[in-house]
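Notes for the structure review
Listed below, chain by chain, are the residues.
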Amino acid sequence: MLTAITRAFRTPDLRNKLLFTLGIIVLFRLGSVLPTPGVNTVNVQQCLKEAQAGDAANIYGMVQLFSGGALLKLSVFALGIMPYITSSIILQLLTVVIPRLEALKKEGQSGTAKITQYTRYLTIGLAVLQSTAFVALARTGQLFPNCRQPLLVNNDVFTVVTMVVVMTAGTSVIMWLGELVTDRGVGNGMSILIFTQVIAVFPSELLNIFRQNAFTFVIVMLVGVFMIAAVVFVEQAQRRVPVQYAKRMVGRRMYGGTSTYIPLKVNQAGIIPVIFASSLLYLPQLLVSLFGNSENPGPIVQWLAQNFVRGDHPVYMVTFFVLIIFFTYFYVSITFNPVEVADNMKKYGGFIPGIRPGRPTAEYLNYVLMRLTAPGSLYLGLISMVPIIALVVAGASQNFPFGGTSILIMVGVGLDTVKQIESQLQQRNYEGFLK
Amino acid sequence: MIIGISIALILSSALMVLLVLLHKGKGGGLSDLFGGGFTSSFGGSSVVERNLDRLTVITGSVWFVCIIALGLLLRPA
């Protein structure tokens, strides 16, 4: 393992890529702690400390997780990658609905590039919206409901506009940094940035637990190691559907005749269903925080406040679970198209032994995939339930560090990045990280 | 002084957003965000792209300096 790392650093171009990625990460973290001009840092620090002592902070759960604590510090990169993720989700969903986008997606590389460009425009739009909403919250003091100190240095319109503009530009800079990593570093830039933010809050949270109770700390660590192992196990699991290619002669050369397989992962959808479900369940909380303070909240808002704001309410848990399973199937059906795969195989003379090419193959693939996704979706649901269960059973805090989403992100991105480094390494040496 | 730097900051922010949007997007959207397989980015960057990079880095530095300067000026007493 260690020799593999030294070998990675001895390879010149790989070393440059790794150092480049590390440099970008450092820049990114720097922007995440640099306060936006106009913020009263002293008061914000104090309010943050008060908010962490209570458990008011969980309203912003998902956003807070993705911003690595930058959000409530009102830093330059406060919005983090959330606008980009949201706009990617929106465009992904719109692809199913709008025929023009679907046509673009089918066009291949150039169409995908266009969709990416739309995603980027939408990101800036969302960033303007979110930063405006966010600075307005900070200005009226609703960001920390229990804290009565002014969060901004002065409340005139010019300062507020400057802050909004800076945060928006910060989001675009994050987007650029991510693309730079994808282009010149290792791994997928955006996911590495998310990874950084998720990891960044770990040490302080673990330290918090350790300070409260050393015994809980040991148990949390044990559970964490066990869960990481389990997640790695399931993420790597795949079913290999055998494919036989017919031999054919082209000129005097012989082609094909090989047998390969189509790898179908147990969890083909990755972590996206969890993100979809959390983003959707964040909406009722938002509604309640917007309308719940009025004198006479309507019956709907009251019902939402009773059932959906607390993470450990049974209705919330069941809805979360069902949503995750639904989105797993939904996303798998978007990303893997059995008909297309079967057609491609038929075109190149491939077939699954015992099954006719064409429609029967597509049906077979669909059957295998649907059956395989059943445990996959259950696993995703269960993993994301872990922090909630821990909350109920052990009375742990809501920001339980080994939350399902953070572990899934850590393991998923980590595995992916290591695999990419590995394949780069194998261009020069045979032995890599994974044996 | 504060107003001057604020205006410079707003201008450089706007320029920054514009320059980033001018880049060709390299991320492949959501599908390869979280372990969605292997995306290979073929093709080196063109001259236009490289000049754009240089401009973006310069603007970014100006933006950063403006933020720090304004942050120091607007420090809570």
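Everything numeric in this text was worked out from a predicted model, so none of it was measured.

1. Some words on the sheet that holds strand β1 (residues 238-245) of chain A
Residue and element names in this part refer to chain A. The three strands are arranged β4-β1-β5 in an open sheet whose pairing can be described as antiparallel. Strands at the two margins of the open sheet, each flanked by one partner only, are β4 (259-265) and β5 (350-351). Of the strand pairs in this sheet, β1 and β5 are connected by two bridges, and their pairing is antiparallel. Across the sheet, residue Tyr-245 finds its bridge partner in β5, namely Gly-350.

2. Thoughts on the environment of A:Arg248
Residues and elements named next belong to chain A. Checked against the element boundaries, Arg-248 lands in strand β2 (residues 247-250). Once the C-alpha coordinates of Arg-248 and Leu-382 are considered, the two residues, 134 residues apart in sequence, prove to be 48 Å apart. Here Arg-248 is in contact with Arg-253, Met-254, Tyr-255 and Tyr-348, once residues within four sequence places are set aside.

3. Section: a nonpolar patch on the surface
Residue and element names in this part refer to chain A. Side chains of Ile-90, Leu-94, Val-96, Val-97, Ile-98 and Leu-122 sit close together on the surface and give an oily, nonpolar patch of about 440 Å² of accessible area. Considering each element in turn, the nonpolar patch owes the most residues, four residues, to helix α5 (residues 82-97). Relative to the assigned elements, Val-97 resides in helix α5. By relative accessible area, Val-97 is classed as exposed at 62%.

4. Section: the UniProt feature "transmembrane region" (unreviewed entry) in chain B
Under the UniProt annotation, "transmembrane region" (unreviewed entry) lies at residues 55-74 of chain B. Summarising residues 55-74 of chain B: 95% helix, 0% strand, and an end-to-end C-alpha distance of 28 Å.

5. Structural notes on the confidence of the model for chain A
Parts of the model with low pLDDT should not have their predicted coordinates read in detail. Looking at chain A, pLDDT values average 80 and 86% of them are 70 or higher. The lowest-confidence element of chain A is helix α4 (residues 61-67) of chain A, averaging 62 in pLDDT; the highest-confidence one is helix α2 (residues 12-33) of chain A, averaging 91.

6. Quick notes on the interface of chain B and chain A
The partner chain A presents 52 residues to the 38 residues of chain B that form the contact. Together, the buried faces of chain B and chain A total about 3,800 Å²; carbon and sulfur atoms form 71% of this surface. The tally of links between chain B and chain A comes to one salt bridge. Notably, a salt bridge pairs B:Asp53 with A:Arg184, separated by 2.4 Å at the nearest N-O pair. Counting across the chain B and chain A interface gives five residue pairs in polar contact (both at pLDDT 80 or more). Every element with two or more residues in the side of chain B that touches chain A is listed here: α1 (2-22) and α2 (47-73) of chain B. The element best represented in the side of chain B that touches chain A is α1(B), accounting for 10 residues. Taken together, the residues that form the side of chain B that touches chain A break down as 20 nonpolar, 14 polar and four charged.

7. Some remarks on the pattern of salt bridges
Residues and elements named next belong to chain A. According to the stated counting rule, one finds three salt bridges over all chains in the structure shown. Notably, a salt bridge pairs Glu-363 with Arg-359, separated by 3.0 Å at the nearest N-O pair. Of this pair, Glu-363 and Arg-359 both sit in helix α16 (residues 359-394), four residues apart, roughly one helical turn.

What counts, and where the lines are drawn
Residues numbered from 1 in each chain as written. Chains lettered and ligands numbered in written order. Predicted model: local features only at pLDDT ≥ 70, side-chain atom pairs only at ≥ 80, totals over all residues. Heavy atoms only, no water. Pairing = 2+ DSSP bridges. Helix = DSSP H or I, 4+ residues; strand = E, 2+ residues; numbered from the N terminus. Contact = heavy atoms within 4.5 Å. Patch = residues over 30% accessible without salt bridge, like charges linked within 9 Å, V, L, I, M, F, W, Y side chains within 5 Å. Areas by Shrake-Rupley, 256 points an atom, 1.4 Å probe, with all protein chains shown as cover. Salt bridge = Lys/Arg side-chain N within 4 Å of Asp/Glu carboxyl O. Buried < 20%, exposed > 50% of the residue type's maximum accessible area, 1.4 Å probe, protein only. UniProt positions renumbered as here; feature names shortened; annotations may be inferred. pLDDT = per-residue confidence, 0-100. Buried area = accessible area lost by both parts, 1.4 Å probe. Polar contact = N/O pair within 3.5 Å; in protein donor to acceptor, adjacent residues only side chain to side chain. Nonpolar A, V, L, I, M, F, W, Y, C, P; charged D, E, K, R; others polar.

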